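Listed below, chain by chain, are the residues.
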Amino acid sequence: MDDDEQRDLWEATAAAVAHELATPLAATQAAIRLLAAAESDDEREQLSDAALRNLQLLELQVRRLQQLDAAAPAPAVQPGVDLAALVRETVEDLALTTLGDHPTTVEAPGQVVLEADPNQLRQVLFNLLSNAAKYSPAGRDIVIDVEPGADEVMLRVRDRGEGVAPEDADRIFERYERAATDHQGAGLGLYLSRRIARAHGGDLHLVPAEGEGAVFELVLPTRQGGGATRGE
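The structure displayed is predicted, hence computed values, not measured ones.

### A short note on the overall build of the protein chain
1) Next: Assigned secondary structure in the protein chain consists of five helices and seven strands.
2) Next: Secondary structure elements of the protein chain occur, N-terminal to C-terminal, as α-α-β-α-β-β-α-β-β-α-β-β.
3) Next: Split into buried and exposed, the 232 residues of the protein chain put 44% on the buried side.
4) Next: For the protein chain, restricting intrachain contacts to residue pairs at least 6 apart in sequence, the fraction spanning at least 24 positions comes to 71%.

Right under this line is the structure:
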């Protein structure tokens, strides 16, 4: 590799790191700014918890970027993880930043419980919601639908943005690949999210959307079965 190629590689890596850390960093900064103006102990506690969650996500993103060339790390599985609560919490954390210009609806029953790594699932949710917001014009709504099942849980993130061309449906999950648009990005969010889904024994893919926009479907088993994965 000559000097120009090495410089290009370092620049691409730096851009990837900056992009993947931007969303949780912005959410953390928003929570800290609001914390200074909080008027009640309950509000301060909620904002402190949100800032802490986003700082934890920053740490996870850094670890993921360090492990791009390694096997997907095994999830730290916990029983009784409520996916519906994780979704609502993540939407609330992003309400003042990434999702600020997008009315966002969560369609889910009271609880959707499974065995999973909640921190890794939060990272997937951040990536999917950031992706939906980035590719949707301001004012367009985003819908997260959570469907429980006996053996699997299905989560869909729907946006009303530009959509994804059929020829890009598989390519966008590859490392450093993005849909053919003018939007900036590192091409790592969907790649990392699919790795997490498959490490849980599930999968993440694009499904045909009715009308405009895109629908990403995350399928997860309700119980972990000895580390079996799909597509890894």
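Moving on, there is more to tell.
### Points about the packing of aromatic side chains
1) Next: With the rule as written, the count across this model stands at one aromatic pair.
2) Next: Measuring from ring centre to ring centre gives 6.1 Å for Phe 173 and Phe 216, while their planes differ by 75 degrees; the resulting arrangement is edge-to-face. Taken as a pair, Phe 173 in the loop between strand S5 (152-158) and helix H5 (189-199) and Phe 216 in strand S7 (residues 215-221) lie far apart in primary sequence, 43 residues in all.
3) Next: Among the residues examined, Phe 216 registers a relative accessible area of 4% and is labelled buried.

### Quick notes on the packing of helix H3 (residues 83-94) against helix H4 (residues 118-134)
1) Next: It is at 10 Å that the axes of H3 and H4 come closest, and there the two elements cross at 50 degrees. Between H3 and H4, the angle is such that the two are oblique. In this structure, the crossing between H3 and H4 has a hand that is right-handed. Counted together, Leu 83, Leu 86, Val 87, Glu 89, Thr 90, Val 91, Asp 93 and Leu 94 of H3 and Pro 118, Leu 121, Arg 122, Leu 125, Phe 126 and Leu 129 of H4 form the full contact between these two elements.

### Remarks on the packing of H4 against H5
1) Next: For the pair H4 and H5, interaxial distance at closest approach is 9 Å and the crossing angle is 150 degrees. Of the two possible hands of crossing, H4 and H5 adopt the one that is left-handed. On H5, the residues that touch Gln 120, Gln 123, Val 124, Asn 127 and Leu 128 of H4 are Gly 189, Leu 190, Ser 193 and Ile 196.
2) Next: Considering only residue class, the contact of H4 with H5 consists of four nonpolar, five polar and no charged.

### Examining the layout of surface pockets
1) Next: Reported here for the second largest pocket is a volume of approximately 210 Å³.
2) Next: What lines the second largest pocket is a set of 14 residues, among which Leu 34, Leu 47, Ala 50, Glu 92 and Leu 96 lie closest to the centre.
3) Next: Class assignment for the residues of the lining of the second largest pocket results in eight nonpolar, two polar and four charged.

### Description of H4
Because each turn of an α-helix spans 3.6 residues, side chains separated by three or four positions end up pointing in the same direction.
1) Next: Its 17 residues give H4 an end-to-end C-alpha distance of 24 Å, which sits within 8% of 24 Å, the value for a rise of 1.5 Å per residue.
2) Next: Counting buried residues in H4 gives 15 out of 17 residues, a clear majority hidden from the surface.
3) Next: For H4, the side-chain oxygen to backbone nitrogen distance between the N-cap and Asn 119 is 3.0 Å, and the N-cap itself is Asp 117.

### Topic: the side chain of Asp 93
1) Next: Considering the arrangement of structural elements, one finds Asp 93 in helix H3.
2) Next: For Asp 93, a relative accessible area of 7% translates into the label buried.
3) Next: Setting aside residues up to four positions removed in sequence, Asp 93 forms contacts with Ala 27, Ala 50, Arg 53, Asn 54, Arg 122 and Phe 126.

### A short note on the confidence of the model for the protein chain
1) Next: Mean pLDDT for the protein chain: 80, with 75% of residues reaching 70 or above.
2) Next: The model gives residues 179-186 a pLDDT under 50, and that stretch makes 22 contacts with residues more than four places away or in other chains.
3) Next: For residues 226-232, every residue scores under 50 in pLDDT, and the model assigns this stretch 15 contacts once sequence neighbours within four places are set aside.

Basis of the calculations
Residues numbered from 1 in each chain as written. Predicted model: local features only at pLDDT ≥ 70, side-chain atom pairs only at ≥ 80, totals over all residues. Heavy atoms only, no water. Helix = DSSP H or I, 4+ residues; strand = E, 2+ residues; numbered from the N terminus. Buried < 20%, exposed > 50% of the residue type's maximum accessible area, 1.4 Å probe, protein only. Contact = heavy atoms within 4.5 Å. Phe/Tyr/Trp six-rings, centres within 6.5 Å; stacked < 30°, edge-to-face > 60°. Axes fitted to C-alpha atoms, helices over the stretch in contact; angles between N-to-C directions. Parallel < 35°, antiparallel > 145°, perpendicular 65-115°, else oblique. Left-handed = near helix turned anticlockwise from the far one by under 90°. Nonpolar A, V, L, I, M, F, W, Y, C, P; charged D, E, K, R; others polar. 1 Å grid on protein atoms, 1.4 Å probe; cavity = no way out; pocket = protein on both sides within 12 Å on 5 of 7 lines; lining within 4 Å. Points joined across faces, edges and corners; volume = space filled by probe spheres on them. Expected span 1.5 Å × (residues − 1). Polar contact = N/O pair within 3.5 Å; in protein donor to acceptor, adjacent residues only side chain to side chain. pLDDT = per-residue confidence, 0-100.

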